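So you can see what is in the structure, the chains are spelled out below.
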Amino acid sequence: MTRFVLGRLAWMVAILLGVSLVAFLLMRAIPGDFAIAAAGSQSVAPEVLATIRRDLGLDQPLMAQYLRWLGHALTGDLGTSFVTRRPVLGELLDRLAVTIQLTLLAAVIAAAMGVATGLAAARLRGVTDWLVRLWNGLMLAVPNYVVATLIVLLFGLYFPQVTVLGYTPFLENPLANLASLLLPALALALAVSVTIAENTRAAVLEVANQDFVMVARAKGLTPATILRDYLMRNALTPVVTAAGLKIAALLGGSILVETIFAIPGMGQYLFDSINSRDYPVIQAIVLVAAGIVVLVNTLIDIAYARIDARVQM
Amino acid sequence: MQESGQAAAAAPGVRRRGGLGQGWPLLGLGLAMLALMLALTVFAPLVAPYDPSATSPDSLAPATAAHWLGTDSIGRDVLSRLIVGGRTTLLITVTAVLIAMVAGLILGLAAGYLGGRTDEIVMRLLDVVFAFPVLLLAIAVVAALGPTVPNLILTIAIVYTPAMARVVRAPVLSVKRWDHVEAARSVGMSEMRLVLRHILPIVVSPILVATSLTLSQTIFTVTALSFLGLGPPPPDPNWGGMLSEARQFMELAPLTVIGPAAAIVFATLTFIIIANGLREVLDVGSVR
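Cut-offs used in this document
- Residues numbered from 1 in each chain as written.
- Chains lettered and ligands numbered in written order.
- Predicted model: local features only at pLDDT ≥ 70, side-chain atom pairs only at ≥ 80, totals over all residues.
- Helix = DSSP H or I, 4+ residues; strand = E, 2+ residues; numbered from the N terminus.
- Buried ≥ 20, exposed ≤ 12 C-beta atoms within 10 Å, placed from the backbone.
- Contact = placed C-beta atoms within 7 Å.
- Core = buried A, V, L, I, M, F, W, Y, C linked by C-beta atoms within 7 Å.
- Axes fitted to C-alpha atoms, helices over the stretch in contact; angles between N-to-C directions.
- Parallel < 35°, antiparallel > 145°, perpendicular 65-115°, else oblique.
- Left-handed = near helix turned anticlockwise from the far one by under 90°.
- pLDDT = per-residue confidence, 0-100.
- UniProt positions renumbered as here; feature names shortened; annotations may be inferred.
- Nonpolar A, V, L, I, M, F, W, Y, C, P; charged D, E, K, R; others polar.

I'd like to hear about the overall build of chain B, residue by residue, with values.
A count of helices and strands for chain B gives 11 helices and 0 strands. Counting from the amino terminus, chain B carries its helices and strands in the arrangement α-α-α-α-α-α-α-α-α-α-α. Its C-alpha atoms give chain B principal-axis dimensions of roughly 75 × 45 × 35 Å. When burial is assessed residue by residue, chain B has 50% of its 288 residues classed as buried. Counted over contacts in chain B with a minimum sequence separation of 6, partners at least 24 positions apart contribute 74%.

Pulling in residues and values, what's your account of the overall build of chain A?
A count of helices and strands for chain A gives 13 helices and 0 strands. When the helices and strands of chain A are listed from N to C terminus, the series reads α-α-α-α-α-α-α-α-α-α-α-α-α. Taken along the three principal axes of its C-alpha coordinates, chain A extends 85 × 60 × 35 Å. Expressed as a percentage of the 313 residues in chain A, the buried residues total 38%. Sequence separation of 24 or more characterises 72% of the internal contacts of chain A that already satisfy a separation of 6 or more.

Before we move on, could you go through the environment of Leu255(B) and cite the residues and values that matter?
All names here are of chain B. Along the chain, the position of Leu-255 falls in helix H11 (residues 255-282). Judged by C-beta crowding, with 22 C-beta atoms within 10 Å, Leu-255 ranks as buried. With 43 residues separating them in the primary sequence, Leu-255 and Ser-212 have C-alpha atoms 29 Å apart. Those residues in contact with Leu-255 that sit more than four places away from it in its chain are Ala-63, Leu-69, Gly-70 and Val-78.

Quick one: what's the story with the environment of Pro147(B), residue by residue and with numbers?
All names here are of chain B. Looking at the secondary structure, you find Pro-147 in the loop between helix H6 (134-145) and helix H7 (149-175). The spatial distance from the C-alpha of Pro-147 to the C-alpha of Gly-229 is 8.5 Å, given a sequence separation of 82 residues. If we ignore the near neighbours within four places in the chain, the residues touching Pro-147 are Val-142, Leu-152, Leu-230, Gly-231, Pro-232 and Pro-233.

Residues and numbers for helix H8 (residues 179-186) of chain B, please.
Within H8(B), only 0 of the 8 residues are buried, leaving the element largely exposed. A positive phi of about 90 degrees marks Gly188(B), the residue just after H8(B).

So what's going on with the nonpolar core? Which residues, and what values?
Residues Ile139(B) and Ala140(B) are the most contacted members of the largest nonpolar core, which totals 158 residues. The element best represented in this core is helix H8 (residues 174-208) of chain A, accounting for 17 residues. Filtering out sequence-adjacent residues up to four positions away, Ile139(B) remains in contact with Leu270(A), Leu225(B), Leu228(B) and Leu230(B).

Explain the interface of chain A and chain B to me, and be specific about the residues and the numbers.
Between chain A and chain B, the residue contacts involve 52 residues of the former and 49 residues of the latter. Of all the elements in the fold, those that place two or more residues in the side of chain A that touches chain B are helix H1 (2-28), helix H6 (126-139), helix H7 (144-158), H8, helix H11 (247-261), helix H12 (266-275) and helix H13 (279-307) of chain A.

Give me the packing of helix H4 (residues 78-114) of chain B against H11(B): which residues, what numbers.
Residue and element names in this part refer to chain B. Remark: H4 packs on H11, axes separated minimally by 10 Å, with the N-to-C direction vectors making an angle of 25 degrees. The orientation of H4 with respect to H11, classified from their angle, is roughly parallel. Crossing of H4 against H11: the hand is right-handed. Residues Val-78, Leu-82 and Gly-86 of H4 touch H11, and the partners they reach there are Leu-255, Thr-256, Gly-259, Pro-260 and Ala-263.

With reference to specific residues and values, describe the confidence of the model for chain B.
Residues and elements named next belong to chain B. Per-residue pLDDT for chain B has a mean of 82; in total, 91% of the residues score no lower than 70. Across chain B, the element-wise mean pLDDT spans from 40 in helix H1 (residues 7-10) up to 91 in H4. Segment residues 1-21: pLDDT under 50, and 67 contacts once partners within four positions in sequence are set aside and those in other chains are kept. In the predicted complex, the global pTM is 0.84; the interface-specific ipTM is 0.82.

Residue-level account of the UniProt feature "transmembrane region" (unreviewed entry) in chain A, with values.
Residue and element names in this part refer to chain A. UniProt's feature table lists "transmembrane region" (unreviewed entry) at residues 9-30, 96-122, 134-158, 178-197, 235-261 and 281-304, given in the numbering used throughout. Taken as a whole, residues 9-30 contains 91% helix and 0% strand, while its terminal C-alpha atoms sit 32 Å from one another. The span residues 178-197 is 100% helix and 0% strand, and its two end C-alpha atoms sit 25 Å from each other.

Any details on the environment of Leu29(B)? Residues and values, ideally.
Mapped onto the fold, Leu29(B) is located in helix H2 (residues 23-42). Sequence separation of Leu29(B) and Gly277(B) is 248 residues, and the distance between their C-alpha atoms is 8.8 Å.

For unusual backbone geometry, give the residues involved together with the corresponding values.
All names here are of chain A. Here the phi dihedral of Arg-125 falls at roughly 50 degrees; this positive angle occurs in a residue that is not glycine. The topology assignment puts Arg-125 in the loop between helix H5 (88-124) and H6. You will see that Arg-277, though not glycine, has its phi angle at about 50 degrees, which is positive. In this structure, Arg-277 sits in the loop between H12 and H13.

Describe in detail the packing of H7(A) against H11(B), supporting the description with residues and values.
Helix-helix packing is described using two parameters, namely the angle between the two axes and the distance between the axes. Between H7(A) and H11(B), the shortest axis-to-axis distance is 11 Å and the interhelical angle comes to 155 degrees. In terms of axis orientation, H7(A) runs roughly antiparallel to H11(B). For the pair H7(A) and H11(B), the crossing hand works out as left-handed. From H7(A), Val146(A), Thr149(A), Leu150(A) and Leu153(A) reach across to H11(B), where they touch Val257(B), Ala261(B), Ile264(B) and Val265(B). Its residues assigned to classes, the contact of H7(A) with H11(B) shows 7 nonpolar, 1 polar and no charged.

Put into structure tokens, the structure is as follows:
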């Protein structure tokens with residue numbers, strides 16, 4: 001077990017280095033001169049450009065630049081925004097807190113909806129099963145930003161008095177905060193809930209045919225007990241895995257959904273930075289978001305190995 | 001999100017039943033939808049009733065006999081823009097996925113068949129790309145290189161190659177140890193012929209299913225990029241861009257949003273249906 005964990009952690013560090021190299025090189029690959037992009041204007045005096053080059057270390061070899069950038073990033077210096085001229089880290093952390101809140105809320109909604117519909121489909125079968133599967137099939141084809149746009153449209157057309165856009169900070173008003181995140185989280189959760197529903201349904205159907213469930217039924221346990229102690233327990237593992245795998249999807253989806261609902265999270269930050277060509281911010285967000293996904297995936301792998309010893313092989 | 005198309009594939013052990021029908025009828029329906037979409041987009045200039053970039057004073061008009069889906073905020077015909085925009089969106093999607101398929105096929109065959117050091121190096125490099133969330137990597141690359149059609153195609157192709165390579169590698173690893181392959185090798189068949197005659201046919205089914213699933217996910221990625229302002233430059237229409245532009249006035253002309261939304265869903269659904277149909281017909285297990 002220790003060996004497996006150490007191996008996974010070493011591999012995680014290697015992947016993170018690869019991720020950081022990609023994030024670094026991409027922003028050096030932008031068309032034109034990075035110093036001009038940093039200056040924010042084409043008509044800059046050559047002396048100013050030279051100073052910028054020296055300050056950003058652009059006159060050094062690429063490898064040295066990467067190591068310097070990486071060293072700074074590791075000590076929490078993610079660079080300075082081209083637009084606000086302030087350190088990226090502070091703003092990014094504020095935004096990240098909002099995105100994490102949104103993602104967690106979406107995960108809870110997705111798990112609740114997915115387990116409920118998946119369970120209903122597997123236990124009731126018949127029309128319920130058919131309807132759930134039809135709904136799942138259709139929802140797979142509706143991207144989260146389309147759902148989000150249609151929700152905003154729907155409220156705009158039929159409930160114009162309800163404010164669906166914008167965000168209230170948690171400390172200001174916890175209830176209003178939850179209300180402002182509910183619809184975006186729902187838009188984000190729908191596609192993920194489909195995966196969880198399909199996995200729950202498949203897992204419950206599989207477990208329901210096992211001998212130990214037959215034995216449980218034969219010895220007279222009530223259907224409710226069998227459901228709780230036998231089916232749910234065994235069906236939960238694939239559900240947890242699916243939810244973990246969807247972290248990347250939720251983070252990616254939040255970019256679009258936050259932009260649509262005007263939620264000041266990391267996604268909206270990225271959207272704004274793309275439009276203002278604020279490359280250090282784009283770079284920092286790519287690094288942090290990809291880092292989170294790699295970290296979560298590693299943790300899931302390790303947790304999974306603890307639950308199921310076969311994974312280690 | 002980007003992996004959503006794989007959800008149906010993730011159900012382990014249970015034969016999928018009901019829901020959206022099965023096998024040949026499903027595949028037929030999907031192919032018919034694809035044919036309709038391709039016909040509309042290939043002959044777009046002939047089919048579109050108006051010039052998609054021509055503006056008119058009649059802006060944000062509701063659906064009329066003249067404009068079936070109304071007009072947008074500067075008076076352009078929504079239906080014409082949808083049809084012509086489908087051209088750009090599908091061109092990027094299909095080209096990129098075909099490139100990813102060929103690249104994944106070559107890398108997966110090389111890694112699986114040659115094994116050892118080659119396998120290790122190829123798969124580890126692909127793992128780094130695979131570690132990125134698809135949309136995030138695509139955004140980073142396109143933001144850095146600039147949103148042109150070739151850049152978009154290249155980016156999407158890179159992003160989806162690792163998944164394709166994995167789909168190919170797994171069956172190759174087991175097939176190369178089968179008796180008929182050993183037999184062919186022992187009678188002196190050349191390596192190249194061996195791969196083409198005995199290994200390649202085994203991967204055809206899984207890669208066909210994976211390709212159609214990837215197509216459905218790519219529709220999402222391409223339109224999402226355009227939605228974020230990282231799509232092909234204006235004034236040429238594309239579905240993601242249309243949806244994004246229309247949001248400002250959508251309460252005044254809902255069709256400007258519902259049109260592109262329906263087109264995106266239709267295209268995604270088409271490829272998911274084809275993938276599920278292929279899976280049943282070719283009897284492929286879960287593709288990951």
